[in-house]
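Per-entry structural report
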Amino acid sequence: MHASRGTQQRSAGLGLALLSAFAFGGSGVAAKPLIEAGLDPLHVVWLRVAGAALIMLPVAWRHRNLVRERPALLAGFGLFAVAGVQACYFAAISRIPVGVALLVEYLAPALVLGWVRFVQRRPVTRAAALGVVLAVGGLACVVEVWAGLSFDALGLLLALGAACCQVGYFVLSDHGGQEAKGREGREGKGGDGGSVEPPPPLGVIAYGLIVGALVLTVVARPWGMDWSLLGGTAGMNGTGVPAWVLLGWIVLIATVLAYGTGVVSVRKLSPQVAGVVACLEAVIATVLAWVLLGEHLSAPQLIGGFTVLTGAFIAQSSAPKPPSGPVAAGAGAAAAAAESELSAGRASH
């Protein structure tokens, strides 16, 4: 009974992770025509996050108790999972090739494995580790990392910052679920577990987007944007598309849907498995660019895409061992320590 329920949960989690990867992967295809039409990349990012935050305001109001109960989690999600990833990535591609920045950013699954193994002290499967190796290797082919390498130190550091922020996305998304599991374990042993309800994912996303929008407002300075461009058209492989349609796709699909399905999938799978499946975003982005923007795939990219798919399948086909006993307590302590560090970091700024 429990095995069947676990299989169904993993299947649902895998489906949501794939949907999230597709939604995130489509953001570049919609954003590139807007940028080519004259919008600054940071302005596109701000429109994306601020628009999604506006849509999620009713959800934020419904879960307003989270501001009092989980301030560090909300601040961390907004700073790292929303603003940090976007700002660091766009700053990186201004100094180094896009392919190199994308590859460095998607070292995040390997960093997630390190976090789970050495910080939370939870075991990771060999399949997950092998999947990471294959996915990162395949990703190098997808982005053709050998084309136009540039070793600008600051650019590489910014791309690594995007990878670290993406680790924050997976770890913070999993935070509530692991905390609930730890409490359930203590209740089962006669402890005072208390409530086992994790923070609602949509509430965390809503406040994360609000925090991210506030941070990006300072960085992007949207008051200098040419708003008239949003009333025009943008070229997509020779076809004119209304700019507001592209912006709507970025906000509704590539942000609201992408973050929502992504956070739920992490809780149903695990940070390390969901992180490897997320590597499919690069493959999806490349395929969509081929179909919609006329950017053709080369043979190495096709081979790399197959390798990424293989790595993701291997990683998700073997479930990581769940924490139990003292390990569960250790995971809960690690999560609490992470939340305390977020609070301290927020206070220091």
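Residues numbered from 1 in each chain as written. Predicted model: local features only at pLDDT ≥ 70, side-chain atom pairs only at ≥ 80, totals over all residues. Heavy atoms only, no water.

Let's shift gears to the overall build of the protein chain. The number of helices and strands found in the protein chain is 16 helices and two strands. In the protein chain, which comprises 349 residues, the proportion classed as buried is 50%. By element, 67% of the accessible surface of the protein chain is carried by carbon and sulfur atoms, the whole surface being about 15,800 Å². (Helix = DSSP H or I, 4+ residues; strand = E, 2+ residues; numbered from the N terminus. Buried < 20%, exposed > 50% of the residue type's maximum accessible area, 1.4 Å probe, protein only. Areas by Shrake-Rupley, 256 points an atom, 1.4 Å probe, with all protein chains shown as cover.)

All told, the structure shown has one salt bridge when counted by the stated rule. For the salt bridge of R68 with E69, the shortest nitrogen-to-oxygen distance reads 3.8 Å. Given the relative accessible area of 64%, R68 is considered exposed. Owing to a relative accessible area of 44%, E69 belongs among the partly exposed residues under this scheme. (Salt bridge = Lys/Arg side-chain N within 4 Å of Asp/Glu carboxyl O.)

The gaps of empty space that remain are located by a probe, the size of a water molecule, rolled over the atoms. Looking at the largest pocket, its volume works out to about 1,200 Å³. Counting residues per element, the ones that place at least two in the lining of the largest pocket are α1 (2-25), α2 (27-36), α3 (41-55), α6 (71-92), α7 (98-105), α10 (153-188), α12 (243-268) and α14 (280-293). Considered class by class, the residues forming the lining of the largest pocket number 30 nonpolar, 12 polar and five charged. (1 Å grid on protein atoms, 1.4 Å probe; cavity = no way out; pocket = protein on both sides within 12 Å on 5 of 7 lines; lining within 4 Å. Points joined across faces, edges and corners; volume = space filled by probe spheres on them. Nonpolar A, V, L, I, M, F, W, Y, C, P; charged D, E, K, R; others polar.)

Moving on, we come to the environment of G84. Turning to its location among the elements, G84 is positioned in helix α6. You can call G84 buried: its relative accessible area is 9%. With 84 residues separating them in the primary sequence, G84 and G168 have C-alpha atoms 9.4 Å apart. For G84, the contacting residues outside a window of four places in its chain are L79 and C165. (Contact = heavy atoms within 4.5 Å.)

Glancing now at the packing of aromatic side chains. Scanning all chains against the criterion turns up three aromatic pairs. Relative to W227, the ring of W46 lies with its centre 6.1 Å away and its plane at 90°, an arrangement referred to as edge-to-face. Highlighted residues: W46 in helix α3 and W227 in the loop between α11 (201-220) and β1 (233-236), separated in sequence by 181 residues. For W227, a relative accessible area of 44% corresponds to the partly exposed category. Judged by centre distance (6.2 Å) and plane angle (65°), the ring pair of F77 and Y259 falls under edge-to-face. (Phe/Tyr/Trp six-rings, centres within 6.5 Å; stacked < 30°, edge-to-face > 60°.)

Glancing now at the confidence of the model for the protein chain. When the pLDDT values of the protein chain are averaged, the result is 77; 79% of them are 70 or greater. Here helix α16 (residues 326-348) is the element of the protein chain with the lowest mean pLDDT, 33, and helix α4 (residues 57-62) is the one with the highest, 95. pLDDT under 50 marks residues 319-349. Its contacts with residues more than four places away, or in other chains, come to 34 contacts. (pLDDT = per-residue confidence, 0-100.)

Our focus in this paragraph is helix α9 (residues 126-142). Look at α9: 24 Å from first C-alpha to last across 17 residues, which is about the 24 Å you get at 1.5 Å a residue. Among the residues making up α9, those that are buried are A127, A128, G131, V132, A135, V136, G138, L139, A140 and V142. Among the residues trailing α9, E144 stands out with phi positive, at a value near 50°. (Expected span 1.5 Å × (residues − 1).)

Let's shift gears to a nonpolar patch on the surface. Together, V287, W290, V291, L292 and L302 make up an exposed nonpolar region whose accessible area comes to about 430 Å². Counting residues per element, the nonpolar patch draws most heavily on α14, at four residues. Note that L302 resides in helix α15 (residues 299-316). (Patch = residues over 30% accessible without salt bridge, like charges linked within 9 Å, V, L, I, M, F, W, Y side chains within 5 Å.)

Its location among the elements puts Q86 in helix α6. Overall, Q86 belongs to the buried group, its relative accessible area being 9%. Filtering out sequence-adjacent residues up to four positions away, Q86 remains in contact with V45, R48 and Y259.

A word on the pairing of β1. Two faces, one strand: in a regular strand the side chains alternate between the faces of the sheet. Of the two faces of β1, the one holding A234 and M236 is buried and the one holding T233 and G235 is not buried anywhere. Relative to strand β2 (residues 239-242), β1 runs antiparallel, the two sharing four bridges. Paired with A234 across the two strands is V241, which belongs to β2. Here β1 folds back onto β2, and the loop between the two strands holds two residues, one of which, N237, carries a positive phi near 55°. (Pairing = 2+ DSSP bridges.)

We now examine the packing of α2 against α14. At a closest axis distance of 8 Å, the pairing of α2 and α14 adopts a crossing angle of 50°. Taken together, the axis directions place α2 and α14 in an arrangement best described as oblique. Contacts from V29, K32 and P33 in α2 reach A285, L288, A289, L292 and L293 in α14. Partitioned by chemical class, the residues of the contact of α2 with α14 number seven nonpolar, no polar and one charged. (Axes fitted to C-alpha atoms, helices over the stretch in contact; angles between N-to-C directions. Parallel < 35°, antiparallel > 145°, perpendicular 65-115°, else oblique.)

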